[in-house]
Amino acid sequence: KVEMTGKALAALIGSSTVKDLYISRLALNTEDVKALAAAIPSSPALKVLALSHCNLNDEACSAIAVAVHDSDKVESLDLSCNNISDEGCIAIATALTGNKSVKFLRLWGNVKISNNGFDALADMLDNNTVLERIPLMAPGEYKNRIDAKLVQNRSAANQAA
């Protein structure tokens with residue numbers, strides 16, 4: 001069993017050489033996540049943050065959401081297979097509304113996200129034209145609505161390139 005504190009993770013992403021941080025199946029408590037989140041906005045190089053299967057709850061998700069909002073470097077955020085519900089999903093959607101760096105958001109396997117969370121993601125995409133992919137499990141009508149907006153974002157990004 002591997003254990004790592006939030007302070008150790010924060011020190012790790014404080015390095016100018018750490019661009020991608022993949023953590024899976026590492027049980028992080030809320031205090032660890034808050035310590036990690038506090039370091040994200042000032043991380044000099046972090047582009048990919050993957051925290052799948054880390055037992056993150058809504059409070060932890062909200063801390064990560066605020067941190068990513070305050071970062072202009074993170075391009076990919078993977079929060080798949082955690083304990084995120086509508087509350088955490090709405091926090092992410094709110095944080096990403098004006099975000100200009102995150103292009104990929106994975107929420108797959110967060111089975112507690114329901115219609116309110118999916119609505120928040122779809123509404124967020126009215127103001128976020130950078131996000132290109134959101135793999136998640138959603139009912140057809142929500143998935144179609146979100147996917148249509150993501151196609152528009154990808155098309156706009158391709159035209160700008």
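Above this note sits the structure.
What you see is a predicted model, and the numbers here were worked out from it, not measured in a lab.

1. A few points about unusual backbone geometry
With a phi angle near 55°, His53 is a residue other than glycine that sits in the positive phi range. With respect to the secondary-structure elements, His53 resides in the loop between strand E2 (48-52) and helix H3 (58-69). By relative accessible area, His53 is classed as partly exposed at 29%. At Cys81, a residue that is not glycine, the phi angle is positive and equals roughly 55°. Secondary-structure assignment places Cys81 in the loop between strand E3 (76-78) and helix H4 (86-96).

2. As for H4
For H4, the buried fraction is high: eight of the 11 residues fall into the buried class. Those residues of H4 that fall on the buried side of the exposure criterion are Asp86, Gly88, Cys89, Ala91, Ile92, Ala93, Ala95 and Leu96. Looking at the buried positions of H4, the neighbouring elements they touch are H3, strand E4 (104-106) and helix H5 (115-124).

3. Describing the side chain of Asn110
Note on placement: Asn110 falls in the loop between E4 and H5. At 3.3 Å, the side chain of Asn110 forms a polar contact with the backbone nitrogen of Ile84.

4. Overview of the sheet that holds E3
The strand order across the open sheet built from four strands is E1-E2-E3-E4, with neighbouring strands paired in parallel fashion. Each end of this open sheet is capped by a strand with a single partner; those strands are strand E1 (20-24) and E4. Shown here is a sheet whose adjacent strand axes are inclined to one another by a mean of 5°, direction ignored. Pairing geometry for E3 and E4, over three bridges, is parallel. When the bridges of E4 are listed, Ser76 appears paired with Phe104.

What counts, and at which threshold
- Residues numbered from 1 in each chain as written.
- Predicted model: local features only at pLDDT ≥ 70, side-chain atom pairs only at ≥ 80, totals over all residues.
- Heavy atoms only, no water.
- Helix = DSSP H or I, 4+ residues; strand = E, 2+ residues; numbered from the N terminus.
- Buried < 20%, exposed > 50% of the residue type's maximum accessible area, 1.4 Å probe, protein only.
- Contact = heavy atoms within 4.5 Å.
- Polar contact = N/O pair within 3.5 Å; in protein donor to acceptor, adjacent residues only side chain to side chain.
- Pairing = 2+ DSSP bridges.
- Axes fitted to C-alpha atoms, helices over the stretch in contact; angles between N-to-C directions.

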